[in-house]
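Fold and contact review
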Amino acid sequence: MVDDADAVRADDPSTFVPLVSDALGTAPLNAADIMLMPEPQAAAFTVISSIDLTDRQRIDAQTVFGGAQDVYLTRDSLFLTSPSHVTSPITDFPDTRTPFTSVAATTDLTRIALDDGQLTAAAQARIPAPS
């Protein structure tokens, strides 16, 4: 999680991207490889890593900014969900002094494809709540 926005420096990725560690040391993940939730609800990262259990080596890592509430795993995909509430003004009341807003509950869904340990940000969707 990015706790202190004032500590973030554009020229130093280690101040705003997650660090990963392995036998070779610790390094920031490549900022270009971070997938963003459609409308992040928190300054949090979800880091997914694949590991070869035979030789105990990390194969790949994928990062999603915006956090995740739930995780669901299948044979070839990992799904992350994040609830979202989108607020928008209601403009159908022209003579009112109090602005009205509507809140739409949605779920942001991210799919990470799994292929022999290789992780690929494959798809994203925003799913409206049933009405």
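Let me begin by describing the structure that accompanies this report. All values derive from a computational prediction rather than experimental measurement.

**Here we look at the sheet that holds strand 4 (residues 45-52)**
An order of 3-5-4 is seen for the three strands of this open sheet, with the pairing classed as mixed. The open sheet terminates on both sides in strands that have one partner only, identified here as strand 3 (34-36) and strand 4. Adjacent strand axes in the sheet meet at a mean angle of 25 degrees when their direction is disregarded. Where strand 3 lies against strand 5 (residues 57-65), three bridges are found, and the strand directions are parallel. In the sheet register, L36 faces strand 5, and the bridge partner there is F65.

**Some remarks on the packing of aromatic side chains**
For the coordinates displayed, the defined rule picks out two aromatic pairs. The interplanar angle of 35 degrees and the centroid separation of 6.3 Å between the aromatic rings of Y72 and F79 together place this pair among those described as tilted. You can call F79 partly exposed: its relative accessible area is 21%.

**Some words on the environment of G67**
Mapped onto the elements of the fold, G67 is located in the loop between strand 5 and strand 6 (70-73). A residue is classified by how much of its surface remains accessible, and G67, at 9% relative accessible area, is buried. Separated by 20 residues in the primary sequence, G67 and V47 have C-alpha atoms spaced 9.0 Å apart.

**Here we look at unusual backbone geometry**
At R56, a residue that is not glycine, the phi angle is positive and equals roughly 55 degrees. On the secondary structure map, R56 appears in the loop between strand 4 and strand 5. What makes R56 exposed here is its relative accessible area of 73%. Positive phi values are uncommon outside glycine, yet D116 reaches one of about 50 degrees. The exposure class of D116 is exposed, given its relative accessible area of 77%.

The rules behind each value
Residues numbered from 1 in each chain as written. Predicted model: local features only at pLDDT ≥ 70, side-chain atom pairs only at ≥ 80, totals over all residues. Heavy atoms only, no water. Pairing = 2+ DSSP bridges. Helix = DSSP H or I, 4+ residues; strand = E, 2+ residues; numbered from the N terminus. Axes fitted to C-alpha atoms, helices over the stretch in contact; angles between N-to-C directions. Phe/Tyr/Trp six-rings, centres within 6.5 Å; stacked < 30°, edge-to-face > 60°. Buried < 20%, exposed > 50% of the residue type's maximum accessible area, 1.4 Å probe, protein only.

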